[in-house]
Amino acid sequence: MNEQNELKNMGLKATFPRLKILDVFRKSDTRHQSAEDVYRALIAEDIDIGLATVYRVLTQFEQAGILTRSQFDGGKAVFELNDGDHHDHLICTNCGKVVEFTDPDIEKRQHLIAEQKNFTLESHTMMLYGICGSCQKKK
């Protein structure tokens, strides 16, 4: 499915800024990107889209379910394409590297705890902070 149809199916018009910003996420080697990262990528391609427009489109994409937002350690928000698969994150407190992981046992345990506490779980995020292997080797 092409980007124009995908946006239309999400209830969004296929405007030039939306198409270009979606393209930035699809082409990027970096999965997690801030609004500033997206803006710099657009500038590098000589595309004239303002930072305020980038913020607005990212919010629209998040609301439409195209992107998911995370905020690592109280820092700036980062976005990633929503591929429909839930995952959690390991974050290096030294270099900022982010590693995604999934663990069915952790997922089951979280749902069990919610049930035991009489909660209906709607969503969750897990972020584990530590030092990555590369940074450990440097010390």
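Everything in this summary refers to the structure shown in the same document. (Residues numbered from 1 in each chain as written. Predicted model: local features only at pLDDT ≥ 70, side-chain atom pairs only at ≥ 80, totals over all residues. Heavy atoms only, no water.)

Our next topic: the overall build of the chain. The helix and strand tally for the chain stands at six helices and five strands. Of the regular secondary structure in the chain, the N- to C-terminal order runs α-α-α-α-β-β-β-β-α-β-α. Dimensions of the chain, computed from the C-alpha atoms along their principal axes, are close to 45 × 45 × 25 Å. Each of the 139 residues in the chain was classed as buried or not, and the buried ones make up 29%. When contacts within the chain are restricted to residue pairs at least 6 apart in sequence, those whose partners lie at least 24 apart make up 46%. Per element, the accessible surface of the chain, about 9200 Å² overall, is 48% carbon and sulfur. (Helix = DSSP H or I, 4+ residues; strand = E, 2+ residues; numbered from the N terminus. Buried < 20%, exposed > 50% of the residue type's maximum accessible area, 1.4 Å probe, protein only. Contact = heavy atoms within 4.5 Å. Areas by Shrake-Rupley, 256 points an atom, 1.4 Å probe, with all protein chains shown as cover.)

A word on the sheet that holds strand 5 (residues 127-130). If you trace the three strands from one edge of the open sheet to the other, you get 4-3-5, paired in mixed fashion. The open sheet terminates on both sides in strands that have one partner only, identified here as strand 4 (98-101) and strand 5. Each strand axis lies, on average, 20° off the axis of its neighbour in the sheet, ignoring direction. Pairing of strand 3 (residues 88-92) with strand 5 involves four bridges; the strand directions are parallel. Looking at the pairing, His89 lines up with Met127 of strand 5. (Pairing = 2+ DSSP bridges. Axes fitted to C-alpha atoms, helices over the stretch in contact; angles between N-to-C directions.)

As far as function goes, none of this settles anything; it's purely spatial.
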